[in-house]
Amino acid sequence: MFYHLFKSIVLIPLLRWVFRPRVEGRRYLPATGPAIIAGNHLSFCDHFMMPVMIKRRIAFLAKQEYFTTPGPLGRLKAAFFRGIGAIPVDRSGRHAAQAAVDSGLDVLGRGRLLGIYPEGTRSHDGRLYKGKVGVAAMALRAGVPVIPCAMIGTFEAQPAGRLLPRRTPVTIRFGAPLDFSRYEGMQDERLVLRAITDEIMYAILKLSEQEYVDTYAAEAKAALHTPPAASAGAAGAADAALAASGQGPRAAA
């Protein structure tokens, strides 16, 4: 009840005024039954832009920090994410990836729509980065289709680091569902999961027309903050390790 009231009275009028959003490919969204909606991730406003502008409720996996930040602003943020149906996921520790998959499977098992950002974090420069294989694992284990989605214009409206969004048009574009039933029973095959994830990312790329980078977004962000000396030292250590293992380049005779 709270979700629908919050969506109809607050979010929809506000988003239509600020972003003038347009939805394309709405026909690809199933009226009933479980499915995964996999999209690019350009902005904080992606979290509510797409869920608000379609009829069916979407459960998004969101990092737990959105729900546990202390203080009045933290409580407001937690209430907002609960209001849009987000599900907190602990991304710390070695079991974090499995926890996210389990949470997603629970949503799909109840016949609902699950929203996922395969990149795992927001793009810091507007490009599309390599997807993580969790989306493939969920699709195979639950036996559900994956609907690619592209958010267009949200990076310009609110890039990472910008507190208040600019008033700019946004397009939400859905593509035809991807069926991976041909891989049934192969959910533990790493190469299969990688192939499925790459197919999903390519479908998103065609919709978004972004530049693609075959690197994880988190790694690209970390590299921006790594001092050149540290990078050179790491590269030297790697070369030394290869040489010690007998796999490094041999000196010229």
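Relevant structure appears above.
Everything numeric in this text was worked out from a predicted model, so none of it was measured.

Can you tell me about the overall build of the chain, naming the residues and giving the values?
Per the secondary structure count, the chain includes ten helices and nine strands. Sorting the 253 residues of the chain into buried and exposed places 45% on the buried side. Pairs at least 24 apart in sequence give 78% of the contacts found in the chain among residues at least 6 apart.

Give a detailed account of the sheet that holds strand β1 (residues 22-24), specifying residues and quantitative values.
Two pairing modes exist for strands in a sheet, parallel and antiparallel, and in both the strands are linked by backbone hydrogen bonds. Taken together, the seven strands give an open sheet; going across it, the order is β1-β8-β7-β2-β5-β3-β4, and neighbouring strands pair in mixed fashion. Because the sheet does not close on itself, it has two edges, and the strands there are β1 and β4 (87-89). The sheet shows a mean angle of 25° between the axes of neighbouring strands, taken without regard to direction. With four bridges joining them, strand β2 (residues 35-39) and strand β5 (residues 113-116) adopt parallel strand pairing. Residue isoleucine 37 lies in a different strand from β5, and its bridge partner there is glycine 115. Across the sheet, helix α6 (residues 134-142) touches β2, β3 (58-63), β5 and β7 (146-152), and the angle it forms with β2 is around 165°. Along the sheet, helix α8 (residues 190-208) makes contact with β2, β7 and β8 (171-174), crossing β7 at roughly 35°.

Describe in detail α6, supporting the description with residues and values.
Buried residues of α6: Val135, Ala136, Ala137, Met138, Ala139 and Leu140, and no others. Following α6 by one or two positions, glycine 143 adopts a phi angle in the positive range, close to 65°.

Describe the nonpolar core, naming the residues involved and giving the relevant values.
Formed by 32 residues in total, the largest nonpolar core has its most connected members in Ile36, Leu114, Met138, Val146, Phe180, Ile196 and Ile200. Of all the secondary-structure elements, those providing two or more residues to this core are β2, β3, α5 (96-109), β5, α6 and α8. Ranked by residues supplied to this core, first place goes to α8 with eight residues. Contacts of valine 146, omitting those with residues within four sequence positions, involve Ile36, Ala38, Ala139, Ala176, Pro177, Leu178, Phe180 and Ile200.

Give me the lowdown on the pattern of salt bridges, citing residues and values where you can.
Under the counting rule described, the total for this entry stands at eight salt bridges. Across the pair arginine 141 and aspartate 188 runs a salt bridge whose closest N-O atoms are separated by 2.9 Å. With a gap of 47 residues between them, arginine 141 in helix α6 and aspartate 188 in the loop between β8 and α8 connect regions that are remote in the sequence. Residue classification places arginine 141 among the partly exposed residues on the basis of a relative accessible area of 42%. Exposure remark for aspartate 188: the relative accessible area of 62% places this residue in the exposed category.

An account of the environment of glycine 175 is needed here, citing residue identities and associated values.
Mapping glycine 175 onto the fold places it in the loop between β8 and α8. On the basis of relative accessible area, glycine 175 is assigned to the buried category, the value being 6%. With 151 residues separating them in the primary sequence, glycine 175 and glutamate 24 have C-alpha atoms 8.6 Å apart. Ignoring anything within four residues of it in the chain, the contact list for glycine 175 reads Tyr28, Ile147, Pro148 and Leu207.

Can you lay out the pairing of β2 for me, pointing to particular residues and giving the numbers?
Among the five residues that make up β2, five are buried, leaving the element largely enclosed by the rest of the structure. In this sheet, β7 lies alongside β2 in parallel orientation, the contact comprising four bridges. Of the residues in β7, the one forming a bridge with alanine 38 is proline 148.

Reading the values: the criteria
Residues numbered from 1 in each chain as written. Predicted model: local features only at pLDDT ≥ 70, side-chain atom pairs only at ≥ 80, totals over all residues. Heavy atoms only, no water. Helix = DSSP H or I, 4+ residues; strand = E, 2+ residues; numbered from the N terminus. Buried < 20%, exposed > 50% of the residue type's maximum accessible area, 1.4 Å probe, protein only. Contact = heavy atoms within 4.5 Å. Pairing = 2+ DSSP bridges. Axes fitted to C-alpha atoms, helices over the stretch in contact; angles between N-to-C directions. Core = buried A, V, L, I, M, F, W, Y, C linked by side-chain atoms within 4.5 Å. Salt bridge = Lys/Arg side-chain N within 4 Å of Asp/Glu carboxyl O.

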